[in-house]
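If you want the building blocks of each chain, they are given just below.
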Amino acid sequence: RSSVKSTVGQRRLRLVVGVILVLTLAGTVGAMYGQRATKRLTEGDVQRATPAAPLVSVAPVARTDLFSALTLAAEFRPFQEVNLYAKVSGYIRQMRVDIGDHVKAGEVLAVLEIPEAEDQLQQASAGVERAKQEVTRARAAYDEAHLTYDRLSEVLKQQPNLVAQQEIDQARARDETLKASWDAAQSAVREAVAHRANYATMLGYSKITAPFTGVVTKRFADTGSLVGAGTAASSQALVRLSQLDPLRLVLPVPESDVPNVREGAPVEVVVQSTKQTLAATVTRVSGAVNSDTRTMQVEVDIPNPSLSLAPGMYATATLVQDSRKNALSLPIEAAPNRKGDTATVYVLDKDHRIQERTIRVGMETATQIEVRSGLEENELVLIGGRSQYQVGQVVQPKLLAQGMAR
């Protein structure tokens, strides 16, 4: 019996020791897990207490060439264009040109048949001959009368009583009368010559010539057609002549851009139909704004030696109004609140802290704005989203343009 009690006691003792060991081990493990949980909680609190700096878009202040340009749709027109009419009425004897023919200045385009003018010229020529004959007759009569008067005057001087005074007076009167007749005959010759020249000029109008070098773009009459004088309201033109080299490119400049347009300003012309890009300059400025369209007509002369361009074609013309070479500039989004020649921008300092700065600005293009003072080259300026940030806030810059990163 005592042996059995001893065995039971030992078992109880081992059980108690085991329970103590289990409890001790559980406490140790719980303490370890508790320390780790506490550590994780502390790190989360720290992360929530000190968040990472926000990422912002920035661009460097850089030097570039700035151009202020105006792009307009324009139309080509002939440099010169005229409808040619007959000066006098007549039938077309010859029509020497047709549509598309290239002609030079002074070249005969058509010949008219004017029988009346030919007859009048012959009559005027005959009148000149008659007038010249009359001059010859009047001159002979005057010479005779003048010689008679001179002889009687000489006799009167040498022998005063030999010739009657009445005879002397009659000789003098006849001399003066025939002198006037001779002068009148000479005037008649000049008048007859003028008439003949007039009819010759009218007959010369039977030839229609080109006033300048160009291309026949329209033909209105054929051989045998009766055409009237160009002064009549119902008169018909013979042909239309256009000078196509150079061409005029007409730009309708809006009223707001008129002060920035000047002669000699560079223009880039893009012709959509021929895929050509041409460099030119402003040739003429009308100087007046159309009251209906509120635009001013500006012309650019475009050389066209190959005649690859034609009147009526459309083109896009980019007119450079102002330019700055190697100017300090920044993206226009960095200065959204420009007022006159000043603007405010957000600038990052060396610690990436936002600073607000007032700067002086100049020329503005579609994408850039000139910086005249207040910023240095390579400084970083904030682009957009200014309402999301505050002055003094630390941020992380993200470059959106080429430049020196801070």
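None of the values given here were measured: they were computed from a predicted structure. (Residues numbered from 1 in each chain as written. Predicted model: local features only at pLDDT ≥ 70, side-chain atom pairs only at ≥ 80, totals over all residues. Heavy atoms only, no water.)

Some details on the sheet that holds strand β5 (residues 108-113)
Under the convention used in this document: Pairing between strands requires that DSSP locate at least two bridges from one strand to the other. Helix and strand definitions here come from DSSP, where helices need a minimum of 4 consecutive H or I residues and strands a minimum of 2 consecutive E residues; each element is numbered from the N-terminal end.
Strand order in the open sheet formed by four strands is β6-β5-β3-β8, with antiparallel pairing between adjacent strands. Since the sheet does not close on itself, it has two edges, and those belong to β6 (207-209) and β8 (226-227), each with one partner. Where strand β3 (residues 90-95) lies against β5, four bridges are found, and the strand directions are antiparallel. Pairing of Ile-92 across the sheet is with Leu-112, part of β5.

Some remarks on the packing of aromatic side chains
The test is simple: Centres within 6.5 Å are what make two rings of Phe, Tyr or Trp a pair, Trp counting through its six-membered ring; a difference in plane orientation under 30 degrees is then read as stacked, over 60 as edge-to-face, and the rest as tilted. Three labels apply to residues, based on accessible area from a 1.4 Å probe with only protein chains included: buried if under 20% of the type maximum, exposed if over 50%, partly exposed otherwise in between. The criterion is that NZ of a Lys, or CZ of an Arg, lies within 6 Å of the ring centre and within 35 degrees of the ring normal, and then a charge sits over that ring.
One pass over the structure, following the stated rule, counts one aromatic pair. With 5.7 Å between their ring centres and 15° between their planes, Tyr-142 and Trp-182 make a pair best called stacked. Of this pair, Tyr-142 sits in helix α2 (residues 115-158) while Trp-182 sits in helix α3 (residues 165-204), placing them 40 residues apart in sequence. Owing to a relative accessible area of 13%, Tyr-142 belongs among the buried residues under this scheme. Here the guanidinium or amino end of Arg-248 rests over the ring plane of Phe-79, the centre of that ring lying 4.4 Å away.

Here we look at α3
Applied cut-off: To estimate how far a helix should extend, the number of its residues minus one is multiplied by 1.5 Å. The contact criterion used throughout is that any non-hydrogen atoms of two residues lie within 4.5 Å.
Under the 1.5 Å per step criterion, the end-to-end length of α3 is 59 Å for 40 residues, consistent within 8% with the ideal 58 Å. Of all the residues in α3, the buried ones are Ile-168, Ala-171, Asp-175, Leu-178, Trp-182, Ala-185, Val-189 and Ala-192. In the core, the buried residues of α3 are packed alongside α2.

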